[in-house]
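Overview (structure and organization)
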Amino acid sequence: MPLRPLLLAVALAAAPAPLPAAAQTADTPKPAARKEAPAPDDVQAAIKKEVEKAKAEIRDEMRAELQAQQSAKEFLEAAGPSDKPKLDLLQLSGYYRVRGDLFDDFGLRRSPDPAGYSLFPRPPNDPARGTQTSANMRLRLEPVLNVSEQVRVLAQVDALDDFVLGSGQTGYATPPADSPVSLDRPSIRVKRAWGEVQTPLGLLSFGRMPSHWGLGIFANAGSGLDDDLGDSVDRLQLAIPVRQTFLGTFFDVLVPYYDIESSGLVSENLAGSSQPLSLSKADERWALGVKAARIDTDEELRRKMASGALSWNYGAYYGYHAQHYSLTPTAGTPGSPGPGLAVDTVPVGLSYQTLDLWTRWRTRKWRLEVEAAGVWGSMGDGRLQAADPALGPVQLRQLGAVVQGDYRPAAGKVLVGLEGGFATGDRTPGLGNHPERGVPQPGSIDGSQAGGDFIRNFRFNPSYRVDLILWRELLGNVTDAWYVKPSLRYDVLEGLSLRAALVYSEAMYASSTPSTVHRPLGVELDTGVHYASDDGFNAWVAWGMLRPLDGLGYAPGTRQPGDHALVTAHAIRAGLAIKF
């Protein structure tokens, strides 16, 4: 029973009831006065005090719930610590995982491209072929420090983040001089730390926080158990609920934000101070934008699915980005503010806008989800260094989209899915995932796309997973290509599922492929088994087989007598994890 009606009922039951007017006659004996009976003013004061106390409790509970809902709406399941019991000073969640991989013929036995690059790093002892095995681990901690019901601090800390098992271990008390003990990353990495404050206007967030939107082709926090990367932004934002305004008809949360995407040159110890500084604002890249969305919370979604109602969610994510110069140290010490610091200056003149639209329709049986993102703007100078040949102005015109749909019969164990996506590209050689490789030649696997008047290749976020081999390992993000992916999932038991998918991929332009004349890239079959228990234990194993097509072959007239024909690649990936 609600608290306020209960208090009122108790108070009224305790108060003496007056006799009806018709029964109050001269012959009616008056009750004897009792000294302990409270005065009517005292009873009313007690009732008012209890009612106000109940109101305060309800306000605190609603405020805490609103904070959790706004956080979930803003991050779109990017962070997920909002469903823990409130008022605990410290909440700790995360996971520990160990994964193993077996890769066979990931180089497809293809010779290097004209720039000397292979599709995949080849074993030094067997460059022609190679079966590579590896395993790694990660301990992820996501603490939440609740200062009060309105103020909290969140973080993400990774220990032994994707450390290869055996790296840094030699088996000797004193390692030999040539032992491979060097590591490519620190043992502990604080990846994110940000604060949240529930204000009367909305949820204020500031610091380095996760960034996720929609299906994740543009902004992806990488929060999955098998994920490696993830977007983090240095951001100041305010998530404003808009249910009570005219915008509430269309949206339920509005999020203006400001990002510092790159600080440029930073001093190490300027003038003996312990605080590093950004040396110049000229090379800083920043963004200003807004997000607007109408999103059902998890509880709202469960309630709609239970009642057979339709859930329709949607949103828009807009940003304006700018950077004036690129400054790169060439001599001296970056921490020295005087003449000792020499920089390579490129007037990049970068200015562009991004827009990402997302929507989802969901019923008990059907789900249809669509995301489309675009980038348009300009860059005054596309050179990487001032000594490079001048490239002149470059226009940015990029577009990418993905559609996901699935069908599950009522109370059925089968889920049938279909997915398709594309990312624009251009006729420049190479796909464009690795611009650091420089100007590509015809037949190159990858390279810079800034050699013309336009850069059109949109790149999917690397945390968005399409397959096990082609895009995840060999080519990188989906770009300058399209794909279609039918899939099937069968839930054998609660927590145990079998999965299979077939992925066909094709380049937008044949000139972007290593073959220069063929567009089809490959057909891949991916299967797997996944188990998740109620107490947080997860286990999975997946097998993938990629059959390369002519687009990954050799350019006409470039195949040498010793060059091997392309072969099928295989992958086995397995993992164990504990979520807490």
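Preceding block: the structure.
This write-up is about the structure you can find in this document. If you're wondering where the values come from, they're calculated on a predicted model, not measured in any experiment.

**As for the overall build of the protein chain**
Helix and strand counts for the protein chain come out as four helices and 21 strands. Residues counted as buried form 40% of the 580 residues belonging to the protein chain. Approximately 30,700 Å² of the protein chain is accessible, and the part contributed by carbon and sulfur atoms is 61%.

**Digging into the pattern of salt bridges**
Per the stated rule, a full pass over the model turns up 29 salt bridges. Across the pair Arg-465 and Asp-227 runs a salt bridge, and its minimum N-O distance is 3.9 Å. Here Arg-465, found in the loop between β16 (454–455) and α4 (470–475), pairs with Asp-227, found in the loop between β5 (203–210) and β6 (232–241); they are 238 residues apart in sequence, far enough to count as distant. Since its relative accessible area comes to 25%, Arg-465 is described here as partly exposed. Asp-227 gets classed as buried once you look at its relative accessible area, which sits at 11%. Between Glu-299 and Arg-302 there is a salt bridge whose closest N-O contact spans 3.0 Å. Remark: Arg-302 and Glu-299 occur in helix α3 (residues 298–307); sequence separation between them is three residues, near one turn of the helix. With relative accessibility at 52%, the residue Arg-302 sits in the exposed group. Among the charged side chains, a network of salt bridges with common partners joins Arg-97, Arg-99, Asp-101, Asp-162, Asp-226, Asp-227, Asp-228, Arg-465, Arg-472, Glu-473 and Arg-573.

**Considerations on α3**
Among the residues of α3, those classed as buried are Glu-300, Leu-301 and Met-305. All buried residues of α3 lie within an arc of 130° about the axis, which places them on one face of the element. Away from the buried face of α3 by more than 90 degrees, exposed residues Arg-302, Ala-306 and Ser-307 are located.

**Digging into a nonpolar patch on the surface**
There is a patch of nonpolar side chains on the surface, built from Leu-102, Val-414, Val-416, Leu-488, Tyr-490, Leu-498, Val-529, Val-541, Trp-543 and Ile-572 and spanning about 740 Å² of accessible area. Of all the secondary-structure elements, those providing two or more residues to the nonpolar patch are β15 (414–423), β17 (481–493) and β20 (537–548). Structurally, Val-541 can be placed in strand β20. The class for Val-541 is partly exposed, based on a relative accessible area of 39%.

**Quick notes on the packing of aromatic side chains**
Inspection of the entire model under this criterion finds 16 aromatic pairs. A ring pair is formed by Trp-366 and Tyr-407, whose centres lie 4.5 Å apart and whose planes are at 45°; its orientation type is tilted. Highlighted residues: Trp-366 in strand β13 (residues 366–379) and Tyr-407 in strand β14 (residues 394–407), separated in sequence by 41 residues. Here the aromatic cluster, defined as three or more aromatic residues joined through ring pairs, consists of Trp-213, Phe-218, Tyr-257, Tyr-317 and Trp-358. The aromatic ring of Tyr-317 is capped on one face by Lys-291, whose charged end is 5.1 Å from the ring centroid. Directly above the ring of Tyr-117 sits Arg-437, whose terminal nitrogen or CZ lies 4.1 Å from the centroid.

**Things to note about unusual backbone geometry**
For Leu-108, which is not glycine, the phi dihedral falls at a positive 60°. Here Leu-108 lies in the loop between β1 (90–104) and β2 (131–146). Take Leu-108: its relative accessible area is 0%, and that puts it in the buried class. Of note in the backbone geometry, Thr-516 takes a positive phi value of approximately 70° without being a glycine. Turning to its location among the elements, Thr-516 is positioned in the loop between β18 (496–507) and β19 (520–532). Of the residues examined, Thr-516 reaches a relative accessible area of 22% and is grouped as partly exposed.

Cut-offs applied
- Residues numbered from 1 in each chain as written.
- Predicted model: local features only at pLDDT ≥ 70, side-chain atom pairs only at ≥ 80, totals over all residues.
- Heavy atoms only, no water.
- Helix = DSSP H or I, 4+ residues; strand = E, 2+ residues; numbered from the N terminus.
- Buried < 20%, exposed > 50% of the residue type's maximum accessible area, 1.4 Å probe, protein only.
- Areas by Shrake-Rupley, 256 points an atom, 1.4 Å probe, with all protein chains shown as cover.
- Salt bridge = Lys/Arg side-chain N within 4 Å of Asp/Glu carboxyl O.
- Arc of directions from axis to C-beta.
- Patch = residues over 30% accessible without salt bridge, like charges linked within 9 Å, V, L, I, M, F, W, Y side chains within 5 Å.
- Phe/Tyr/Trp six-rings, centres within 6.5 Å; stacked < 30°, edge-to-face > 60°.
- Lys NZ or Arg CZ within 6 Å of the ring centre and 35° of its normal.

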